[in-house]
Amino acid sequence: MIDDRRKIGLGLTGFGVFFLFLGTILFFDRGLLAMGNLLFVSGVTMIIGPKATLRFFTRKRNRRGSIAFFVGFCFVLYGWAMVGLIVEMYGIVSLFAGFLPTILIFLKRFPVLGRFLDKPGVKKVLNKVAPTNLPV
């Protein structure tokens, strides 16, 4: 079972992704993007804990992604929302690329999304992005 701290963390992370999406849709609104970043980072911190978060962002192999994410966040705060979001997305992809097979396995459990991900063309692209063989 998930404890209450992790439930709150999942909610914060979800709201962070929602605010990032909303900020992008509303012509790179600086306030929404900044709020989304803060909620995303605080949600990850609540899910895995402060020490593990600090270790995750300061690992040698994650250093490039961490720097890109935080530099992009600074660009967003400074007012260059489009540039900041592009740099942040590079950082997020760089940081969380190792989790992609796990995320895809989780997404395949949803009824409509699972059928879409099992289509031959989509499956071929996903196997190139995440080369591990994903179970059904």
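All values derive from a computational prediction rather than experimental measurement.

Cut-offs used in this document
- Residues numbered from 1 in each chain as written.
- Predicted model: local features only at pLDDT ≥ 70, side-chain atom pairs only at ≥ 80, totals over all residues.
- Heavy atoms only, no water.
- Salt bridge = Lys/Arg side-chain N within 4 Å of Asp/Glu carboxyl O.
- Helix = DSSP H or I, 4+ residues; strand = E, 2+ residues; numbered from the N terminus.
- Buried < 20%, exposed > 50% of the residue type's maximum accessible area, 1.4 Å probe, protein only.
- Phe/Tyr/Trp six-rings, centres within 6.5 Å; stacked < 30°, edge-to-face > 60°.
- Contact = heavy atoms within 4.5 Å.
- Patch = residues over 30% accessible without salt bridge, like charges linked within 9 Å, V, L, I, M, F, W, Y side chains within 5 Å.
- Areas by Shrake-Rupley, 256 points an atom, 1.4 Å probe, with all protein chains shown as cover.
- Lys, Arg positive; Asp, Glu negative; His and termini not counted.
- Charge placed at Lys NZ, Arg CZ, Asp CG, Glu CD.

Asker: Before we go on, may I ask you to explain the pattern of salt bridges in this structure?
Answerer: Pairs can form between side chains of opposite charge whenever their charged atoms are close. One pass over the full model with this rule turns up 1 salt bridge. The residue Asp118 makes a salt bridge to Lys108 at a minimum N-O spacing of 2.9 Å. Of this pair, Asp118 sits in the loop between helix H7 (111-117) and helix H8 (120-129) while Lys108 sits in the loop between helix H6 (100-107) and H7, and the two are 10 residues apart along the sequence. Of the residues examined, Lys108 reaches a relative accessible area of 12% and is grouped as buried.

Asker: Mind showing me how you'd approach the packing of aromatic side chains here?
Answerer: Think of a pair of aromatic rings as described by two things: how far the centres are apart, and how the planes are tilted against each other in angle. Under the criterion given, the structure shown has 12 aromatic pairs. Between Tyr78 and Trp80 the ring centres are 5.5 Å apart and the planes differ by 85 degrees, which places this aromatic pair in the edge-to-face class. The exposed category is assigned to Tyr78, whose relative accessible area is 61%. The partly exposed category is assigned to Trp80, whose relative accessible area is 47%. Chaining the aromatic ring pairs together yields one cluster made of Phe40, Phe56, Phe57, Phe69, Phe70, Phe96 and Phe99.

Asker: Is there a simple way to explain the environment of Leu12 in this structure?
Answerer: Relative to the helices and strands, Leu12 resides in helix H1 (residues 4-25). Along the chain, Leu12 and Lys119 lie 107 residues apart, while their C-alpha atoms are 32 Å from each other. The residues touching Leu12, leaving out its near neighbours within four places in the chain, are Leu39, Phe40, Ser42, Gly43 and Met46.

Asker: Even after reading the chapter, I still don't get unusual backbone geometry, so can you show me in this structure?
Answerer: Generally, phi is negative for residues other than glycine and the peptide bonds are trans, each holding for most cases. Not every positive phi belongs to a glycine, and Phe27 is a case in point at roughly 60 degrees. Mapping Phe27 onto the fold places it in the loop between H1 and helix H2 (30-48). On the basis of relative accessibility, which here comes to 75%, the residue Phe27 falls in the exposed class. One non-glycine residue, Phe28, lies in the positive phi region at around 55 degrees. Within the fold, Phe28 resides in the loop between H1 and H2.

Asker: Even after reading the chapter, I still don't get a positive patch on the surface, so can you show me in this structure?
Answerer: On the surface, Lys51, Arg55, Arg59 and Arg61 cluster together to form a positively charged patch. Of note, Lys51 is situated in helix H3 (residues 50-58). Accessibility expressed as a relative area gives 68% for Lys51, which makes it exposed.

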